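Summary of structural features
Residue-level listing of the chains:
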Number of protein chains: 2
Amino acid sequence: MLPSPGTSHDLTEAVLRPARGYHAFEACVEQLATTIRLGVYPLGSTLPSERELAERLNVSRSTLREAMAALREAGLVETRRGRGGGTVVTLKPRTPSARAAARLTEERRHEWLDSLVFRRIVEPGAAALAARADLDPTALAQLDAAHAAVAKARRPADHRQADSRFHLTIAALTGSSRLVEAVTSVQATLHEMLLAIPVLDANIAHSDRQHATLVRAIRRGNHDRARAVMEEHCDDTAALLRGLLG
Amino acid sequence: MLPSPGTSHDLTEAVLRPARGYHAFEACVEQLATTIRLGVYPLGSTLPSERELAERLNVSRSTLREAMAALREAGLVETRRGRGGGTVVTLKPRTPSARAAARLTEERRHEWLDSLVFRRIVEPGAAALAARADLDPTALAQLDAAHAAVAKARRPADHRQADSRFHLTIAALTGSSRLVEAVTSVQATLHEMLLAIPVLDANIAHSDRQHATLVRAIRRGNHDRARAVMEEHCDDTAALLRGLLG
DNA sequence: AGGTAATGGTCGGAGTTCATACCAATTTTC
DNA sequence: GAAAATTGGTATGAACTCCGACCATTACCT
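Residues numbered from 1 in each chain as written. Chains lettered and ligands numbered in written order. Predicted model: local features only at pLDDT ≥ 70, side-chain atom pairs only at ≥ 80, totals over all residues. Heavy atoms only, no water.

Helix and strand content of chain A: 10 helices and two strands. Order of helices (α) and strands (β) in chain A, N terminus to C terminus: α-α-α-α-β-β-α-α-α-α-α-α. A total of 246 residues make up chain A; the buried ones form 49% of that total. Total accessible area computed for chain A in this model is approximately 11800 Å², and 50% of it derives from carbon and sulfur atoms. (Helix = DSSP H or I, 4+ residues; strand = E, 2+ residues; numbered from the N terminus. Buried < 20%, exposed > 50% of the residue type's maximum accessible area, 1.4 Å probe, protein only. Areas by Shrake-Rupley, 256 points an atom, 1.4 Å probe, with all protein chains shown as cover.)

Pasting the structure below:
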């Protein structure tokens, strides 16, 4: 579906996209698994009830239940019945490892690189917007909490999850649901990519410094600075990934 | 575990989105109608064959045909059988008019405003990226053609379509399919909004000047300038719309 | 003129998804 | 301890979607 690079930039080719990529079932599995892996629902937390989730995802409960069964079978969650029961996250965050950067579809690779490009636009935009908004104390507390979680995380897997949450939190601060959607999607892909490469302490330290600078810029309302820092942050990650993934 | 649903900045609330908004049939109608109204397929042009469209939209031919039937019934297209036949666009571009800014769902209004926010991030990003890329002569020709079409358009309806195409063309120049998707979506919403307000010659002239500046910046590879101009362009349109739509 | 190819039009069975109702387990509440 | 409430578990039939094969029409090509 993706035109190979160099193909003519024909509008009609570029604009028409799959009207519906997956079946509802797959879409649910994908979204829930992503949500869990990104740490939106951390280890031990309880997901919303089936009925609520079904409504939220705009899917029948039957379909949602099939998705849940898949997650259960995959070991991401466990389920208890009865009032006060529900579905709890049991997945331990996966530790990044340097395996399997090979075995990549050309299409997949193209998708990944495209995500990096898109990210470099969307996330700096979100950062600038967050800096522009005047944030209420609650919002600032969320930002600080997310930032502290990243800074405190010791094990690489925890750091990875906290990092995702940090970036999602910034997007959520803007109050734009479309932005949140875009960042979620971008972070999901990014998460996949980062699992395929080795993690270096130096990279983490560098990243943490950028996070701190970013938070400062957002709190001060310096949107140009916030954007610039986030751009640099994205560029650094992208360079790392492009280098290691080809 | 789940914070109260009043917090608009809650991650778990913000991240979970409908896994699938429409049925395949509706999605097809929507996308095709949008594509036509945005002028990707101008009046008199022939759409791709049903088999090709079905594959492109990742939908069975039966479903696509139902969508086509809806478009036919709505008067957007006409269909002829046999080799050399196909489906041609018959919709005359609608003339913007000052009606029906009333009768807006609160949700709808929220969606519209959100689109303006998202646009202000995505389109300037696309412009900057297009300026950064070194464009081959074919690409430059497409850019110029799209620009010339906007500048030449006399009737408001034609201008509106040409404007959409111009913005889509810039996104397409970047070669990023995710960006094209984002801009398409944003332009579709924008199109709806602009149909609900009166069009002023002064606005059009102003917009045209910005287009010219933008094209110049892109051709020169001045990405900062390209972004700044596009930001201003978005801000101006947004201000107009926010003012007239409340 | 006749054959070929490309197009839309039609049909039927298989798989998904949906909506609804009801059952079962467990906690909370009184 | 009993009732109520909330949660997951199950079942059924309707509607939608998909796939594949085949038919009908028309233009192009030899």
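Alright, that's what it looks like, and here's the rest.
For the rest of this paragraph, the subject is the protein's contact with DNA strand C. As a matter of local geometry, DNA strand C sits amid 23 residues, with His23, Thr63 and Arg81 of chain A together with Arg61 and Arg65 of chain B nearest to it. Backbone atoms, meaning sugar and phosphate, form 68% of the atoms of DNA strand C found within 4 Å of the protein. A distance of 2.9 Å is found between a phosphate oxygen of DNA strand C and a backbone nitrogen or oxygen belonging to glutamate 50 of chain B. Backbone polar atom of glycine 82 of chain B to a base oxygen of DNA strand C: 3.5 Å apart, as the coordinates give it. When residues of the surface near DNA strand C are traced back to their parent elements, those giving at least two are helix 2 (24–37) and helix 4 (61–73) of chain A together with helix 3 (50–57), helix 4 (61–73) and strand 1 (77–80) of chain B. (Near = heavy atom within 4 Å. Polar contact = N/O pair within 3.5 Å; in protein donor to acceptor, adjacent residues only side chain to side chain.)

Attention now goes to helix 8 (residues 177–195) of chain A. Since one α-helical turn is 3.6 residues long, residues separated by three or four positions face the same way. Under the 1.5 Å per step criterion, the end-to-end length of helix 8 of chain A is 27 Å for 19 residues, consistent within 8% with the ideal 27 Å. Counted residue by residue, helix 8 of chain A has 15 buried out of 19 residues, so it is predominantly covered. (Expected span 1.5 Å × (residues − 1).)

This part is about the side chain of glutamine 187 of chain A. All names here are of chain A. On the secondary structure map, glutamine 187 appears in helix 8. Glutamine 187 sits in the buried class, given a relative accessible area of 0%. Discounting residues that sit within four places of it in the chain, glutamine 187 has contacts with Leu38, Arg119, Glu123, Arg160, Ser164 and His167. (Contact = heavy atoms within 4.5 Å.)

Here the focus is the confidence of the model for chain A. Residues and elements named next belong to chain A. For chain A, per-residue confidence averages 84 on the pLDDT scale, and 86% of positions sit at 70 or higher. By mean pLDDT, the top-scoring element of chain A is helix 9 (residues 201–220) (94), and the lowest-scoring one is helix 1 (residues 11–15) (56). For the stretch residues 1–9, pLDDT sits under 50, and the model shows 14 contacts to residues farther than four places along the chain or on other chains. (pLDDT = per-residue confidence, 0-100.)

Surveying the vicinity of DNA strand D reveals 24 residues, the closest of which are Arg61 and Arg65 of chain A together with His23, Ser62 and Thr63 of chain B. Sugar and phosphate atoms constitute 65% of the interface atoms of DNA strand D, taking the interface as everything within 4 Å of the protein. Contact between DNA strand D and serine 62 of chain B: a base nitrogen at 2.8 Å from a side-chain N or O atom of the residue. At 2.3 Å from a phosphate oxygen of DNA strand D is found a side-chain nitrogen or oxygen belonging to threonine 63 of chain B. When contributions to the surface near DNA strand D are tallied by element, the ones reaching two or more residues are helix 3 (50–56), helix 4 and strand 1 (77–80) of chain A together with helix 2 (24–37) and helix 4 of chain B. The residue inventory of the surface near DNA strand D, partitioned by class, reads three nonpolar, nine polar and 12 charged. (Nonpolar A, V, L, I, M, F, W, Y, C, P; charged D, E, K, R; others polar.)

Inspection of the secondary structure puts proline 156 of chain A in helix 7 (residues 156–173). Assessed through its relative accessible area of 30%, proline 156 of chain A is described here as partly exposed.

Next up on the list: the packing of helix 8 of chain A against helix 10 (residues 223–245) of chain A. Residue and element names in this part refer to chain A. Where helix 8 contacts helix 10, the two axes come as close as 11 Å, and the packing angle between them is 50°. By the angle between their axes, helix 8 is oblique relative to helix 10. As for how helix 8 packs across helix 10, the hand of that crossing is left-handed. Along the contact surface, helix 8 presents Leu190, Met193 and Leu194, while helix 10 presents Thr237, Leu241 and Leu245. A per-class count over the contact of helix 8 with helix 10 returns five nonpolar, one polar and no charged. (Axes fitted to C-alpha atoms, helices over the stretch in contact; angles between N-to-C directions. Parallel < 35°, antiparallel > 145°, perpendicular 65-115°, else oblique. Left-handed = near helix turned anticlockwise from the far one by under 90°.)

Attention now goes to the nonpolar core. Membership of the largest hydrophobic core comes to 65 residues, with the highest contact counts inside it found for Leu64 and Leu71 of chain A together with Leu64 of chain B. Residue contributions to this core peak at six residues, all from helix 2 of chain A. (Core = buried A, V, L, I, M, F, W, Y, C linked by side-chain atoms within 4.5 Å.)

The next point concerns the environment of cysteine 28 of chain B. Assignment of secondary structure puts cysteine 28 of chain B in helix 2. As for cysteine 28 of chain B and valine 59 of chain B, which are separated by 31 residues in sequence, their C-alpha atoms are 8.4 Å apart.

What follows covers unusual backbone geometry. If a residue is not glycine, its phi is most likely negative; likewise, a peptide bond is most likely trans. Residue and element names in this part refer to chain A. Even without being a glycine, asparagine 58 presents a positive backbone phi close to 60°. For asparagine 58, the location among the structural elements is in the loop between helix 3 and helix 4. Asparagine 58 sits in the partly exposed class, given a relative accessible area of 41%.

What follows concerns the pairing of strand 2 (residues 86–89) of chain A. Residues and elements named next belong to chain A. Looking at chain direction, strand 1 and strand 2 are connected through four bridges and run antiparallel. Along strand 2, the bridge assignment pairs threonine 79 with threonine 87. Where strand 1 folds back onto strand 2 in an antiparallel hairpin, the turn is made up of five residues, including glycine 82, whose phi is positive at roughly 85°. (Pairing = 2+ DSSP bridges.)

Another point: the pattern of salt bridges. Residues and elements named next belong to chain A. The full count for this structure, using the stated rule, is 22 salt bridges over all chains. Its salt-bridge partner being glutamate 50, residue arginine 61 comes within 3.1 Å of it at the nearest N-O pair. Separated by 11 residues along the polypeptide, arginine 61 in helix 4 and glutamate 50 in helix 3 bring together distant segments of the chain. Residue arginine 61 is classed as partly exposed on the basis of its relative accessible area, which comes to 34%. The closest approach of N and O atoms between arginine 160 and aspartate 163, which form a salt bridge, is 2.8 Å. (Salt bridge = Lys/Arg side-chain N within 4 Å of Asp/Glu carboxyl O.)

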